[in-house]
Amino acid sequence: MESCDPEGLHCRSVSTDIDFLVRKASPTDASAIAHVYVASWRSTYGGLLPPAVLRGMSEVRETLFWWTALCAQRPRSVTLVMQDRQGKAIGFIAAGPERAVAGGQRAEVYTLYLLEEFQRRGLGTRLLAGAADALQAGGFGSLVVWVLAGNPARAFYEHLGAERVAARTIRMGGQSVHELAFAWPDLAFACAATAKRS
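Attention now moves to the overall build of the protein chain. Per the secondary structure count, the protein chain includes six helices and nine strands. Expressed as a percentage of its 198 residues, the buried residues of the protein chain come to 46%. Sequence separation of 24 or more characterises 64% of the internal contacts of the protein chain that already satisfy a separation of 6 or more. Of the roughly 9600 Å² that the protein chain leaves accessible, carbon and sulfur atoms contribute 54%.

When its volume is computed, the largest pocket comes out at roughly 1300 Å³. As for the largest pocket, its lining consists of 50 residues, of which Y45, Y110, T111, L112 and Y113 are closest to the centre. The biggest single contributor to the lining of the largest pocket is strand β6 (residues 106-114), with seven residues. Partitioning the lining of the largest pocket into residue classes produces 28 nonpolar, 13 polar and nine charged.

Ranked by internal contacts, the top residues of the largest apolar core, which has 56 residues, are W41, L128 and Y157. With seven residues, the single largest contributor to this core is helix α4 (residues 123-137). Residues within four places of W41 in sequence aside, it is in contact with G46, L49, V53, L54, M57, Y113 and M172.

Within this structure, the stated rule accounts for five salt bridges. Note that R85 and D19 form a salt bridge whose closest N and O atoms lie 2.6 Å from each other. Remark: D19 occurs in the loop between β2 (10-11) and β3 (20-24) and R85 occurs in the loop between β4 (78-84) and β5 (89-97); sequence separation between them is 66 residues.

Take α4 next. Between the first and last C-alpha of α4 there are 22 Å, a value that for 15 residues agrees with the 21 Å anticipated at 1.5 Å per step. Taking burial as the measure, the 15 residues of α4 include 13 buried ones, the bulk of the element. A positive backbone phi angle near 100° is found at G139, which sits one or two residues after α4.

Take unusual backbone geometry next. Even without a glycine there, the phi angle at R76 is positive, about 65°. Turning to its location among the elements, R76 is positioned in the loop between α3 (59-71) and β4. Judged by relative accessible area, R76 falls into the partly exposed class, the value being 27%. A positive phi angle is found at R120, which is not glycine, with a value near 60°. With respect to the helices and strands, R120 occurs in the loop between β6 and α4.

Turning our attention to the sheet that holds β6. Note on sheets: strands pair through backbone hydrogen bonds, and any given pair is parallel or antiparallel. Pairing in this open sheet of seven strands is mixed, and the strands run β3-β4-β5-β6-β7-β9-β8 from one edge to the other. At either margin of the open sheet sits one strand with a lone partner, and together these are β3 and β8 (163-172). On average, each strand axis in the sheet is tilted by 25° relative to the strand beside it, whichever way the strands run. Pairing between β5 and β6: seven bridges, direction antiparallel. Within the sheet, the bridge partner assigned to I93 lies in β6 and is L112.

So, about α3. An ideal rise of 1.5 Å per residue puts 18 Å on 13 residues; α3 measures up with 18 Å between its terminal C-alpha atoms. Within α3, burial applies to E62, W66 and L70. Buried residues in α3, looked at end-on, bunch into an arc of 60°, giving them a common side. With respect to the buried face of α3, the exposed residues turned more than 90 degrees away are V60 and L64. Close packing links the buried residues of α3 with α1 (30-44), β4, β5 and β6. Capping the start of α3 is the job of one residue whose side-chain oxygen sits 3.3 Å from the backbone nitrogen of V60: S58.

Bringing the packing of aromatic side chains into the picture now. Under the criterion given, the structure shown has eleven aromatic pairs. Ring geometry for Y37 and W66: centres 6.5 Å apart, planes at 65°, overall edge-to-face. With Y37 in helix α1 and W66 in helix α3, this pair connects stretches of sequence that are 29 residues apart. Of the two residues, Y37 and W66, both sit in the buried class. Both rings, one in F156 and one in Y157, keep their centres 5.0 Å apart while their planes meet at 65°; by these two values the pair is edge-to-face. A residue is classified by how much of its surface remains accessible, and F156, at 25% relative accessible area, is partly exposed. Aromatic rings pair up to connect Y37, W41, Y45, F65, W66, F92 and Y113 into one cluster. Residue placement shows R76 over the ring face of F140; its charged tip is 3.8 Å from the ring centre. Its end group placed over the ring of W146, R168 keeps NZ or CZ at 3.8 Å from the ring centre.

Definitions and limits used
- Residues numbered from 1 in each chain as written.
- Predicted model: local features only at pLDDT ≥ 70, side-chain atom pairs only at ≥ 80, totals over all residues.
- Heavy atoms only, no water.
- Helix = DSSP H or I, 4+ residues; strand = E, 2+ residues; numbered from the N terminus.
- Buried < 20%, exposed > 50% of the residue type's maximum accessible area, 1.4 Å probe, protein only.
- Contact = heavy atoms within 4.5 Å.
- Areas by Shrake-Rupley, 256 points an atom, 1.4 Å probe, with all protein chains shown as cover.
- 1 Å grid on protein atoms, 1.4 Å probe; cavity = no way out; pocket = protein on both sides within 12 Å on 5 of 7 lines; lining within 4 Å.
- Points joined across faces, edges and corners; volume = space filled by probe spheres on them.
- Nonpolar A, V, L, I, M, F, W, Y, C, P; charged D, E, K, R; others polar.
- Core = buried A, V, L, I, M, F, W, Y, C linked by side-chain atoms within 4.5 Å.
- Salt bridge = Lys/Arg side-chain N within 4 Å of Asp/Glu carboxyl O.
- Expected span 1.5 Å × (residues − 1).
- Pairing = 2+ DSSP bridges.
- Axes fitted to C-alpha atoms, helices over the stretch in contact; angles between N-to-C directions.
- Arc of directions from axis to C-beta.
- Polar contact = N/O pair within 3.5 Å; in protein donor to acceptor, adjacent residues only side chain to side chain.
- Phe/Tyr/Trp six-rings, centres within 6.5 Å; stacked < 30°, edge-to-face > 60°.
- Lys NZ or Arg CZ within 6 Å of the ring centre and 35° of its normal.

As structure tokens, this is what we get:
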């Protein structure tokens, strides 16, 4: 299956099988994406983030955020959603230009989440493969993702060839939270690694 966005950022590796479909997200997916986002944060980040942060999350607020973001998708950005055969969204990925460096040629994975019951089944790799291929087609040469230092997902990125390149401390819920950056210096390598394992 092939798909592309109005800015010409092609999702050449968007794929389908008997159980799941990966496709470009639209504003009508905002509520489903918000559900995956909030549920995944609460199942993944318990013990890593202040409880007040997780309790304070709102699917209504996140739906508004994603509706707005998908109605005005930034150039060279891509958001893909994965759905099951009943059409229920079970995961998504959003990526685009690196936020810390304007005008650079490195892309960034902003978010990649799956509902807990669909994790560790190779589905995250399929989402990342679709996004990496789209980003490469959009002219990016490398890729970075920031994760919480204690997030088990860091092993997922390392398994796909990403290297730890930076660290930072941010404030969330009045507490210090440590994050690590993992990068693929060559986006072509990231595409090949994800394609091989998807």
